[in-house]
Amino acid sequence: ATMSLDNLARIGQVKAHTPNAAETLRLLASAERNLKDAHVAGISDETRFNVGYNAIMQCALVALMASGYRPATSMPGHHQTMIQSLPLTMGVSNDVWLVLDALRKKRNVNDYAGDLIDPESVRECIARAAALLATTRQWLKQHHPQLLEQPK
């Protein structure tokens, strides 16, 4: 059975949300900063991976909020829910979704086991974050342009 945003709401993974331009622009700006930080040479691979991953999460959050929902942070696994919501909000393809979910799992293992993040995963994470941010901006422009207008 394919999941829908309504299903996610029914099982309590997401709640209804009314989006606004101020929060959307704030999150996009933050994702942009995270992405910039991820490119800084001289900081650890782990940190670069984490800020890249944060940018991915912020894109997922923007798309979810624009679609009228927000994650129920009281529920366990809300990062998984956010990644799962990407095909439902922005129509992210299955291949992309699988890679993003693999990055999420890597991040989990790193957080709890302290495993080192390999340079290849860092590159992948940063590239995916950059692509997803571009997708998010494009998608907003097409479907929710009012959320990109600077509040007066």
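Conventions adopted
Residues numbered from 1 in each chain as written. Predicted model: local features only at pLDDT ≥ 70, side-chain atom pairs only at ≥ 80, totals over all residues. Heavy atoms only, no water. Helix = DSSP H or I, 4+ residues; strand = E, 2+ residues; numbered from the N terminus. Rg over C-alpha atoms; globule rule 2.2 N^0.38 Å. Buried < 20%, exposed > 50% of the residue type's maximum accessible area, 1.4 Å probe, protein only. Salt bridge = Lys/Arg side-chain N within 4 Å of Asp/Glu carboxyl O. Expected span 1.5 Å × (residues − 1).

(A) A look at the overall build of the protein. Helix and strand counts for the protein stand at 6 helices and 2 strands. Here the C-alpha radius of gyration of the protein, 15 Å, is about what a compact globule of 152 residues would show, namely 15 Å. In terms of overall dimensions, the protein has a C-alpha envelope of 40 × 40 × 25 Å along the principal axes. Looking at the 152 residues of the protein, the share that counts as buried comes to 43%.

(B) Region of interest: the pattern of salt bridges. This model, assessed by the stated rule, comprises 6 salt bridges. Close ionic contact of R123 with E120 constitutes a salt bridge, the shortest N to O distance being 2.8 Å. Of this pair, R123 and E120 both sit in helix α6 (residues 119-143), separated by 3 residues, roughly a single helical turn. Counted as one network, the salt bridges with shared partners bring together D101, R104 and K105.

(C) Up close: helix α3 (residues 45-66). For α3, which comprises 22 residues, the first-to-last C-alpha distance of 32 Å matches the rise-based estimate of 32 Å (1.5 Å per residue) to within 8%. The buried fraction of α3 is high, at 17 of 22 residues. Within two residues after α3, G68 carries a phi angle of roughly 95°, on the positive side.

Geometry only, nothing functional implied.
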